[in-house]
Amino acid sequence: MALGLVLGSLLPAMALGSTAQAKDKVVFHVGILGEGVDSLNPFLGFQAPSYEMWGLTYDYLVGYSMTDMSPEPDLATKWKTSADGRTWTFTVRSGVKFSDGVPLTAKDVAYTYNRVLHGTVEQSNWLSYLTGVTSVTAPNDTTVVMKLKKPIATLPLLPIPIVPEHIWKNVSEKDIKSYAAEPSGGKPVVGSGPFRLVQGTADGSTFKFEANPDYWGGAPHVDEVIFQFYKNDDAAVQALIKGEIDFVEGITALEVKSLQGQPSITAHNGNSPGFDEIAFNAGSIDVKTGKPIGNPNPAVLDPKFRHALGYALDLPTLIKKVYQGGGLPGTTIVPPNYKAYHWEPPADQKFTFDLAKAGQLLDEAGYKKGSDGLRTLPDGSPIGTLRLAARSDSPTSLHTMDYFKQWLSDLGIKSDVSTYSSSQLTGVIYKGNFDAFQWGWYVEPDPDSMLSYMTCGQRNGSSDSWYCNKAYDKLYNKQHVSTDQTQREAEIKQMQEILYRDSPYLVTAYSSIGEAVRSDRFACLVPQPNPGGVWLEQYGVYNYIHMKPVSEASNCDSATAGGELSGAVKATSSSDSSSSTGPFLIGAGVVVVLLLVAGGITMMRRRTTVGDRE
Amino acid sequence: MSLVADPGLVSESEDVQTRTRGYASYLGLKVLGAIGSLMFMLVVNFFLFRVLPGDPARTLGRGRLTTDAQKAAFNKAYGLNQPLPEQFWTFLKNTAHGDLGISIQYRVPVSHLIWERLWPTVLLVGTSTILATVIGVYLGIRGAWKRGGRFDKISTSLSLTLYSMPEWWLGLMLIAGLGVGFWFVPGIFPTGGLHSPDVNPSSLHGILDTTWHLVLPVTTLTLAYLADYSLIMRSSLLDELGEDYLLTARAKGLRDVQVRNRHAVRNAMLPTTTIIALNIGFVVSGAITVETVFSIPGLGLLSIDALQAPDFWVLQGFFLVASAGVILANLVANLIYGWLDPRVRT
Amino acid sequence: MTTTNESTGTVPVSARRLTRQRRVAAWKRGWAQFRTHRSGMVGLGILVFFVLVALLAPILASSQGLDVTTANGPVLGAPSGHYLLGTDENGRSVLTLLIWGSRISLFVGLLATLISMVIGTLLGLVSGYFGGWIGRITFRLTEWFLVIPFLPLAIVLASVLGRSLFNIVLVIGVTSWPGTALLIRSQTLSIKERAYVERAEAIGAGRWHQIGKHVLPNVMPMVFANTTLTVAIAILSETTLSFLGLGDPTRTSWGSMLDSAFEIGSITTGSWWYIVPPGVCVVLVVLAFTLIGQALEEVLNPRLRARS
C-alpha cells in the first residue's frame with residue numbers, strides 16, 4: 001500500500017519530466033491524426049504519412065518551390081533538355097554522402113530509376129512519372145541521362161526517393177514485396193536525407209528521426225523529430241495543449257477555431273492541393289464493346305443538364321456549414337495552389353448560386369417542369385428519382401449530398417441519398433449503377449495525372465466519371481508531350497474550360513488541413529504554397545530543415561532562391577496552458593446525480609424486505 | 001444474458017443415470033468440445049469473408065486503380081482465383097501453420113501485426129480482469145452476507161449504474177475529468193496512447209510511464225467489469241445462502257465466517273467462474289472500445305483500423321484470435337468447474 | 001375448484017376457462033408482487049417516460065430539426081434559451097437529436113431482442129424437450145454460437161456487408177440468442193420431469209401439444225424476465241456499435257450522437273452538452289430495463305425471492 005503511494009507520487013513527476021525539453025537536445029514532436037505509415041519501403045507504401053517518412057530519410061533529384069510547388073534543384077543542381085525534348089540531362093551535385101558514409105552519385109539515381117522501370121511492385125507508385133522513358137544511365141558520377149520515346153511534359157516532376165544502390169542491390173525482386181526498410185540492429189535506415197530514421201516500424205505509433213549533421217542542404221536546427229500517431233482528435237489536441245507534442249497535423253476546422261485563443265499556439269487551416277466534387281455518370285460503357293452498362297438516369301448523361309446544376313450549388317454555404325469554414329469554394333479540377341496551371345473561370349462563365357438561372361438553363365435544355373411541378377426529360381417522360389451516393393465514412397460527403405438533394409428539390413427534381421462504404425462505392429461506380437456521387441482527389445504539382453483521369457482511355461481504369469470527349473483527349477495528348485511551357489499552360493487551361501462546360505464533375509470545395517504548432521517553442525515554419533498552404537506534409541521537407549526553436553528564431557533562414565520567405569510562423573509568448581473545460585463540472589455533476597439516484601432507488605428497494613433472513 | 005447465477009449451463013441431468021466420470025475423461029470430452037467449436041469458428045470465419053460483395057482487388061487499388069493484368073496478378077497472389085473448397089483447404093493449412101495472410105495495408109504478415117498488438121491488449125485486459133475479479137468478488141460476498149445493509153445498498157446501486165453505462169462513455173468522462181481536467185481538478189493523466197514519445201518503453205522510466213498511461217483505461221475497464229462480477233457473485237452467493245447445508249453447518253456450531261468461507265463462498269464460486277468465463281465476450285468488446293477511446297495500440301484498435309481499408313485478412317485473423325480466446329477461456333472455466341465440483345462430470 | 005354461481009350453486013366450468021381464470025389470477029398476483037418492488041416500479045416509470053418520448057417525438061420536436069440543410073443554429077453552441085441542450089457541429093438542436101435518437105435506440109434494441117428471443121426460445125425448447133440427437137445437436141449448436149464474440153463479429157459483418165441498422169440488428173440477434181436458449185433449456189429440462197408432463201404423455205398427448213400447452217406457459221415467465229434483461233444488453237450493444245461508426249450514418253441514435261461528439265473533439269471544445277446527455281439517456285434506459293428485469297425475476301422465480 002505504502003509502495004503504491006510512493007509510486008503514485010513519483011509517476012506524475014516522471015510523466016511531466018519526460019515531456020519537458022532536454023536542455024541539450026532540441027526535439028520536435030509531431031502528432032499526426034488519421035491514417036498511419038503503411039510502409040517505410042518507398043516502393044510499397046502509399047499512405048500520406050509514409051511519404052513524409054521517406055522525405056526525411058531520402059533525397060530526390062528535383063525539389064519543389066515553397067511558393068507554388070514548381071520544380072527546383074534538389075540533388076540535381078541543373079538540368080537541360082535536348083531540342084527534340086527526348087533527352088534529359090541532370091547534373092547531380094557532388095559531395096553528398098549516405099548516412100553510412102558511402103557517397104551518393106548519379107549511379108544511385110540511375111539504379112533507383114531503373115529499378116522502377118524494370119521492377120514489379122516498384123512500378124505501382126512510381127512508374128507513372130517515368131512513362132515513356134526508355135533508358136536511364138549515369139555516364140559519370142555527376143550526370144544522369146534520361147532517354148524518352150517522345151517528350152514528357154510532366155518532367156522534371158520526379159518525386160521518387162533515391163535509394164542507395166549498395167544496400168538495395170541485395171534486395172531481390174522476390175524479397176522487395178515484403179522488405180521493410182526499417183531500422184534494425186540499432187542501425188538507422190541508410191539514406192542521404194536531412195534526417196535518419198532510428199526507430200520505427202510500419203503501422204507503429206512512434207517514429208524517431210535524428211538529424212543528419214552533414215546534410216548537404218545544411219544541418220537542421222532541430223536535433224530530433226519524433227512522430228506520434230493519434231487515432232483520436234481530443235487526445236492529440238490535448239497533447240498539444242499540455243506540451244507533450246509541439247505540432248498537430250490533421251485537426252478539424254472546429255478545433256482550429258477553438259485553439260485561436262491560446263497565446264502559445266498558432267493554428268490555421270492550410271490549403272491543401274486537393275478538391276471535393278460531385279461527380280456524375282457521364283456515360284458508363286463496356287470498354288471492350290462500347291455498349292452502355294449500368295443504369296444512369298438519361299438526364300445526367302446530358303452535359304447541358306449537368307452544367308445547369310452548377311448554378312444550383314451554394315458553395316459558400318457548403319464551406320461554412322459542411323466544412324465548418326475550413327476550405328475554399330471549388331471551381332476546376334486544377335487547384336488554385338498551382339498558379340501556373342489553374343484556370344479561373346471569367347465572371348460571365350463562373351457558377352454562382354442562382355436557382356432561377358439554373359431553372360432557366362434546364363428549361364432551355366428541354367427539362368421543363370410538368371404539371372406536378374417536377375421536371376421531365378426532353379421527350380416528356382418524368383426524370384424520376386436521381387440517385388445520389390455518399391460515402392458512409394465521411395460526414396462531409398453525406399452532408400454535401402443532403403444539401404444537393406435540397407437544392408435539386410428546389411429545382412423540381414426528386415433525388416435520394418444512399419450511403420456506401422468507399423469500397424462498395426468503387427464497385428458501384430465500375431458497374432455504372434449510379435447517377436451522382438461525392439468524392440475527392442488530391443492533385444500533384446503537375447496536373448497531368450489528374451487531367452488524364454478524365455480521358456476516354458481511362459474509363460474502367462482511373463476514370464470514375466466515364467467522361468469521354470475527343471477534343472479534350474486531343475488537347476491532353478498534345479500537352480502531354482509538349483516542350484513549350486507557355487503553350488502547355490494554355491492547353492491545360494483550355495482543357496479545364498471544356499470540363500467546366502461539360503461538367504462531369506462539379507467541383508465543390510478545395511480542401512484544407514487543420515494544423516497547429518506550439519509557437520512558443522518553434523518558429524520559422526513556412527507554408528507551401530506560400531501563402532495559405534500547409535506547414536507539414538508538404539512537397540519536400542523544407543520546414544523540418546529550416547524551422548528553429550524560439551531561442552534562435554530572431555531571423556529565419558532565407559529562401560534558397562533568395563529573399564526572405566514571408567509568411568513564416570512567428571514565435572509567440574508562452575502562457576500557462578489552461579484547459580477550456582470548466583463546463584465539464586456540469587457533466588460530472590450529472591454523473592454524480594445519476595449515482596445518487598441509483599443509490600436512492602436501491603435504498604428504497606431495501607425497505608421492502610421482510611426481515612433479515614440469513 | 002441474465003444476472004441469474006445459474007442459467008442452466010450445466011444441466012443437472014444430461015441423462016437419467018448419474019455416473020461420475022474421472023476427471024481425465026471429463027477433460028478429454030471438454031477439449032474435444034472446444035476443438036469442435038474452433039472448427040465451427042474456422043468455417044464461419046472463412047465463409048464470412050468469401051461472401052463479400054465487391055472485388056477485393058479493385059477495392060485495394062484505392063484510387064490507384066489497377067489494370068486487368070494487375071488484378072489478375074493480385075488474385076493469383078492471394079489465391080482468390082481458386083475454387084472455393086480448395087481455398088478453404090489452403091485456409092485451414094495456412095492457419096494451422098500460423099500463416100494468417102498478409103495485411104493489405106501494411107504489407108506485413110497478419111500474424112506479425114497481431115503478435116505486436118497482442119501485448120498492450122493483454123496488459124490492459126488482464127490487469128483489469130484480475131482487479132475486477134478480486135474487487136468484484138469481495139464486494140459481492142460482503143454485500144450478500146449482510147444483505148440489505150448499508151454497504152450492500154451502496155455497492156449494489158453503484159454496480160447497477162456502472163453496469164448500465166457503456167464502458168467507453170465512462171472512459172470519455174474520465175478523460176474529460178481527469179485527463180483534461182475541469183474546475184479545480186487538474187488534468188494530470190495522459191489523454192491517450194500507451195507511451196510518451198521520447199521514453200524507452202523497456203527502461204524503468206518507460207515502465208512507469210506505461211503504467212501511468214494505463215491508469216485511466218484500466219480504471220475504466222475495471223469499473224465496467226466489476227459491476228458485472230459483483231452483481232453475479234452476490235446473487236450466486238445469495239442463492240447458496242438459502243441452501244439447506246448451511247443450516248446444518250450452523251447447527252454444527254461453526255462460526256459465521258467459517259460457514260461463509262468454507263462452504264458458501266466455495267460453492268458460489270462455481271457458477272461465478274462459469275459466468276465470468278461466459279462473459280469473456282464482453283471482455284473482448286470492452287477492450288475494443290476502450291482502446292479506441294484511449295488510443296491504445298492493441299488488437300482492438302487494430303480491428304477498428306482494419307475496418308477502414310477494409311483490410312480483410314487482418315479482420316479475419318483478428319476474428320480468429322478473438323474467437324479462439326473466448327473458446328479457450330470457456331474451456332478453462334469448464335475445467336476449473338469440473339475440478340471443483342465432481343457432480344458436474346457426468 | 002369450481003366457481004360458484006350465487007343462485008344455482010356449483011356449476012361445472014370448462015377446463016379451458018378454468019385455466020384462463022387461473023392464469024389471469026396468476027398475472028394479477030404477479031403484478032401485485034411487482035408493485036411492491038420499488039426499484040422495479042422506478043424502472044418501469046423511467047421506461048414509460050422514454051417510450052412516450054420516442055412515440056411522441058414528432059410532437060415534441062419537429063423532424064425538420066434533423067435536417068442539416070435547414071439547420072441554422074450556431075455551430076456547437078452552448079445551451080441557451082432557444083436551444084435547451086445546445087447545438088451540434090451542424091447547427092442542429094441537440095435536444096431534437098436526443099428525442100429522435102430515442103426512437104432508433106429503443107427500436108433497434110427491441111427488434112434485436114425479438115429476433116433473439118424467438119430463436120433462443122425455439123432452440124431452447126427443442127434442445128431441452130427432445131432427447132436423442134436432435135436435442136444434442138441443438139445443444140451443441142447453442143454452445144458453438146455462444147462462443148462467437150459479439151463485437152468482433154459486428155466489425156467483421158460491417159466490413160463485409162457495409163454499415164446499416166439492419167446489420168446491427170442482425171449481429172445483436174445472432175449473438176444474444178444462445179444465452180436465452182440455455183436458460184430456456186434448463187427450465188424445460190426441469191419442467192419435463194414434473195409429474196403432469198409424464199401424465200400427459202401417458203394419456204398420449206402429442207409432443208408439440210405438450211410443448212405448447214404445458215412447457216411453454218411455464219417457461220414464459222422466465223422468458224419474459226430474460227427478455228427485459230436482453231433488451232438492456234441490446235440497447236447497450238447498439239449504442240456501442242453506432243459509436244464505433246458501424247451504424248447508419250443517415251439516422252441519429254444516441255450512439256451515433258456520441259460518435260459525432262467524439263470525432264469532432266467535443267472534449268477539447270468543451271461541448272459537454274453533446275457528449276454527456278446521450279450517455280445519460282442510455283444509462284437511464286438500460287438501468288430501467290435492468291431494474292424491471294431483476295424485479296421480474298424475483299417475482300416469477302420463487303427461489304430468487306429470498307434475494308431481495
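Residues numbered from 1 in each chain as written. Chains lettered and ligands numbered in written order. Predicted model: local features only at pLDDT ≥ 70, side-chain atom pairs only at ≥ 80, totals over all residues. Heavy atoms only, no water.

Visitor: A description of the overall build of chain A should follow, citing residues and the corresponding values.
Guide: The helix and strand inventory of chain A stands at 17 helices and 19 strands. Across the 614 residues in chain A, those meeting the buried criterion constitute 56%. Long-range pairs, those at least 24 residues apart, make up 69% of the contacts in chain A with a sequence separation of at least 6. When the accessible surface of chain A is summed, it comes to about 24100 Å², and 55% of that surface belongs to carbon and sulfur atoms. (Helix = DSSP H or I, 4+ residues; strand = E, 2+ residues; numbered from the N terminus. Buried < 20%, exposed > 50% of the residue type's maximum accessible area, 1.4 Å probe, protein only. Contact = heavy atoms within 4.5 Å. Areas by Shrake-Rupley, 256 points an atom, 1.4 Å probe, with all protein chains shown as cover.)

Visitor: Please set out the packing of helix H5 (residues 110-145) of chain B against helix H13 (residues 312-340) of chain B residue by residue, giving values where relevant.
Guide: Residues and elements named next belong to chain B. The N-to-C vectors of H5 and H13 enclose an angle of 55°; their axes lie 10 Å apart at closest approach. Judged on the interaxial angle alone, H13 and H5 are oblique. Viewed along their axes, H5 and H13 form a crossing whose handedness is right-handed. Here Val-110, Leu-113 and Ile-114 of H5 lie close against H13, whose contacting residues are Trp-313, Val-314, Gly-317, Phe-318 and Val-321. Across the contact of H5 with H13, the residue classes break down as seven nonpolar, one polar and no charged. (Axes fitted to C-alpha atoms, helices over the stretch in contact; angles between N-to-C directions. Parallel < 35°, antiparallel > 145°, perpendicular 65-115°, else oblique. Left-handed = near helix turned anticlockwise from the far one by under 90°. Nonpolar A, V, L, I, M, F, W, Y, C, P; charged D, E, K, R; others polar.)

Visitor: Go over a nonpolar patch on the surface, please, and point to the residues and values.
Guide: Residues and elements named next belong to chain C. Together, Val-48, Val-51, Leu-52, Leu-55, Leu-56, Ile-59 and Leu-60 make up a nonpolar patch on the protein surface, roughly 640 Å² of accessible area in all. Of all the secondary structure elements, the ones that give two or more residues to the nonpolar patch are helix H2 (38-55) and helix H3 (57-60). Among the elements that line the nonpolar patch, the one with the most residues is H2, at four residues. Tracing the backbone shows Leu-56 in the loop between H2 and H3. Since its relative accessible area comes to 37%, Leu-56 is described here as partly exposed. (Patch = residues over 30% accessible without salt bridge, like charges linked within 9 Å, V, L, I, M, F, W, Y side chains within 5 Å. Salt bridge = Lys/Arg side-chain N within 4 Å of Asp/Glu carboxyl O.)

Visitor: Let's hear about a positive patch on the surface: which residues, and what values?
Guide: On the surface, Arg-16, Arg-17, Arg-20, Arg-23 and Lys-213 of chain C cluster together into a positively charged patch. Ranked by residue count, the leading element in the positive patch is helix H1 (residues 15-36) of chain C, at four residues. (Lys, Arg positive; Asp, Glu negative; His and termini not counted. Charge placed at Lys NZ, Arg CZ, Asp CG, Glu CD.)

Visitor: Which residues make up the sheet that holds strand S5 (residues 87-92) of chain A, and what values do they have?
Guide: All names here are of chain A. An order of S4-S5-S7-S6 is seen for the four strands of this open sheet, with the pairing classed as antiparallel. Pairing within the sheet leaves two strands with one partner each, and these edge strands are strand S4 (76-81) and strand S6 (133-140). Averaged over neighbouring strand pairs, the angle between their axes works out to 20° when direction is ignored. Here S6 pairs with strand S7 (residues 143-148) via five bridges, running antiparallel. When the sheet's bridge partners are listed, Ser-135 is paired in S7 with Lys-147. Sheet strands touched by helix H3 (residues 106-118): S5, S6 and S7. Its angle to S6, the strand with the most contacts, is close to 160°. (Pairing = 2+ DSSP bridges.)

Visitor: Can you explain the packing of aromatic side chains? Please cite residues and give values.
Guide: All names here are of chain A. A full pass over the atoms with the stated rule returns 46 aromatic pairs over all chains. Judged by centre distance (5.9 Å) and plane angle (20°), the rings of Trp-88 and Phe-90 are stacked. Ring geometry for Phe-209 and Phe-227: centres 5.7 Å apart, planes at 80°, overall edge-to-face. Of the two residues, Phe-209 is situated in strand S9 (residues 206-211) and Phe-227 in strand S10 (residues 224-230); the sequence distance between them amounts to 18 residues. Among the residues examined, Phe-209 registers a relative accessible area of 0% and is labelled buried. Among the aromatic residues, those joined into a cluster by ring pairs are Phe-28, Phe-247, Phe-522 and Trp-535. (Phe/Tyr/Trp six-rings, centres within 6.5 Å; stacked < 30°, edge-to-face > 60°.)

Visitor: Quick rundown of the state of the cysteines? Include the residues and the values.
Guide: Each disulfide consists of one covalent bond between the sulfur atoms belonging to two cysteines. Residues and elements named next belong to chain A. Scanning the model with the defined rule gives two disulfides over all chains in all. The disulfide bridge from Cys-456 ends at Cys-468, spanning 2.0 Å between sulfur atoms. Residues Cys-456 and Cys-468 share a disulfide whose torsion about the S-S bond is about 95°; that sign makes it right-handed. You can see Cys-456 sitting in the loop between helix H13 (448-452) and helix H14 (470-480) and its partner Cys-468 sitting in the loop between H13 and H14, a full twelve residues away along the chain. Its relative accessible area of 11% is what places Cys-456 among the buried residues. Judged by relative accessible area, Cys-468 falls into the partly exposed class, the value being 30%. Cys-524 shares a disulfide with Cys-556; S-S distance 1.9 Å. Judged by the torsion about the S-S bond (-80°), the Cys-524/Cys-556 disulfide is left-handed. Of the two residues, Cys-524 sits in the loop between strand S18 (522-523) and helix H16 (542-546) while Cys-556 sits in the loop between strand S19 (548-549) and helix H17 (584-606), which places them 32 residues apart along the sequence. (Disulfide = S-S within 2.5 Å.)

Take it as geometry only, folks, not as evidence of what the structure does.
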